[in-house]
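# Examination of the molecular architecture
Chain by chain, the residues:
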Amino acid sequence: MTKFKSINSVDKLYDRLTQKTAILPLVVFRVVFGLLLCFSQLRFIFNGWVADCYTTPKFHFTYHFFSWIRPFDSATMYAIVGATAMLALCIALGLFYRIATILFFIGFTYLELIEKSWYLNHYYFVSLVAFLLIWLPAHRNYSIDAFIFKKIRLNEIPEWIVLVLKIQIAVVYFFGGIAKLKSDWLFEAQPLKIWLQARTDIPLLGRFFAHEYSAYLFSWSGMIYDLAIPFLLFNKRSRPWAYVLVVVFHVLTYVLFNIGMFPWMMIGASLLFISAAEWKRFFGRLGMRLKTIPAEAKAFKTHRLAIPFLVGFVGFQIIFPLRHYVLTDQVCWTENGFRFAWHVMVMEKNGFTEFTVVDNDTQKKFTVYPSQYLTVIQEKQMSFQPDMIWQFAQYLGTTFNEEGTKNLSVYVNAKVALNGRTSTVFIHPQTDLLAVKHIDDMYDFVVRLADD
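One structure accompanies this document, and this report is about it. What you see is a predicted model, and the numbers here were worked out from it, not measured in a lab.

## Digging into the overall build of the protein chain
The secondary structure content of the protein chain amounts to 20 helices and six strands. Dimensions of the protein chain, computed from the C-alpha atoms along their principal axes, are close to 80 × 60 × 50 Å. Residues counted as buried form 52% of the 452 residues belonging to the protein chain. Carbon and sulfur atoms provide 64% of the accessible area of the protein chain, an area that totals close to 22500 Å². Mean positive and mean negative side-chain charge positions of the protein chain (43 and 32 charges, respectively) differ by 15 Å.

What follows is the structure in structure tokens.
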């Protein structure tokens, strides 16, 4: 009997995931996502970041398993970034959609993997969404492709197609909330206490930020917002007010903390939760009638591997951000498992590093300051991340070997301050970094942050 109940439950789940829903929310998401990424990539060019990130550095901090990723010459890098901007525009317009999404995913992810010091959560989010869009029929209506090839038009798609994107957005919010369930954030109001007190010059709100209780208010409300907003957006009755809250929250964070495109990405992405009926009512109140374009294609058929893929993808998105609980109990200090886990705005961290290269044959010592080899952002990010300190030490070892010094040791004097604490020793000073053979072993040589 239990076996038949299980089969019946699976069948019900499959029916629920494959029931029909309007394509319009997916189309809105496609258009907004494409336009935002087009603007973001053009902004990257016009701000001079192509050179700063890809071509100026003498050395690149690569990701684990992706050390083979390397930038091309300056002209080629500008061409690649420009191409991703145009591909994003093609996604928005639904022009050569399938080719555009594949090439955009490859191009954007390649750019992201070149330099670890430029890691941002929303870059990771963009790569995940672009990967999903490769497989989803977001171009099957209200697009240039659908205008030219009328037989591909659809008005309805299976529910799972929209659901997988909604879950991806919800994951960003929810795990961003989980990341804030830390004593620093909740009971010390850090790092918001530091950040808000630096923004007392803002008109109207600035005087409020001078008071300590404002940091606690922002800390607790930010945590509650991240944990609750996915559920409020999923709920039909709370959705209108929830989206207003999304806009207010992210505009405020953009104004206060200037964190780039992330707020706009989340404002745009959250539009997916608005149903087709709600969109029609919205445009109706503006005196506009949203025209339904006739569909000529047969009903979209769900591939037999689609639901297992959905389950596997969602499972990965739930498990992977939690890996730091296994790796360390001081994730903001060691940053072991910090990336790709949606730890958004949870720490203020500053470091200082000074390297000593020792010729073990002659006992000569050479003091190396990272600024001699690294850009400003590389030096800043490396100074408090153990894996990047290890990578730079290996680079120094290779550099001095090429200059004729063979039997080397490299040591680091590293001090780090986290969330307003006094700067303290970060890496055990006696550690020969060249003797640490694997990047993951570097975390074993981090001096434990004293418990408060």
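## What to know about a nonpolar patch on the surface
Residues Leu93, Ile144, Phe147, Ile148 and Phe149 make up a contiguous nonpolar surface patch of roughly 500 Å² in combined accessible area. Among the elements that line the nonpolar patch, the one with the most residues is helix α7 (residues 144-148), at three residues. By secondary structure assignment, the location of Ile144 is in helix α7.

## Quick look at the pairing of strand β4 (residues 364-368)
Bridging between strand β3 (residues 349-359) and β4 involves five bridges; their strand directions are antiparallel. By the bridge assignment, Phe355 is partnered in β4 with Val368. Between β3 and β4, which pair antiparallel one after the other, the connecting turn spans four residues, and Gln363 there sits at a positive phi close to 65°.

## Some words on the packing of aromatic side chains
A complete count under the given rule lists 39 aromatic pairs for this structure. Consider the rings of Tyr63 and Phe340, whose centres lie 5.9 Å apart with planes at 45°: the pair is tilted. You can see Tyr63 sitting in the loop between α3 (49-55) and α4 (74-93) and its partner Phe340 sitting in the loop between α18 (331-334) and β3, a full 277 residues away along the chain. By the burial criterion, Tyr63 is buried, and Phe340 matches it. Aromatic pair Phe131 and Phe309: ring centres 6.3 Å apart, planes at 50°, arrangement tilted.

## Here's the deal with the state of the cysteines
On inspection of all chains with the given rule, the structure shows zero disulfides. Cys90 supplies the cysteine sulfur nearest to Cys38, a cysteine that is in no disulfide, at a spacing of 9.2 Å. A relative accessible area of 10% places Cys38 in the buried class. Summary of cysteine pairing: Cys53 is not part of a disulfide, and the nearest cysteine sulfur, belonging to Cys38, is at 19 Å.

Definitions and cut-offs
- Residues numbered from 1 in each chain as written.
- Predicted model: local features only at pLDDT ≥ 70, side-chain atom pairs only at ≥ 80, totals over all residues.
- Heavy atoms only, no water.
- Helix = DSSP H or I, 4+ residues; strand = E, 2+ residues; numbered from the N terminus.
- Buried < 20%, exposed > 50% of the residue type's maximum accessible area, 1.4 Å probe, protein only.
- Areas by Shrake-Rupley, 256 points an atom, 1.4 Å probe, with all protein chains shown as cover.
- Lys, Arg positive; Asp, Glu negative; His and termini not counted.
- Charge placed at Lys NZ, Arg CZ, Asp CG, Glu CD.
- Patch = residues over 30% accessible without salt bridge, like charges linked within 9 Å, V, L, I, M, F, W, Y side chains within 5 Å.
- Salt bridge = Lys/Arg side-chain N within 4 Å of Asp/Glu carboxyl O.
- Pairing = 2+ DSSP bridges.
- Phe/Tyr/Trp six-rings, centres within 6.5 Å; stacked < 30°, edge-to-face > 60°.
- Disulfide = S-S within 2.5 Å.

As far as function goes, none of this settles anything; it's purely spatial.
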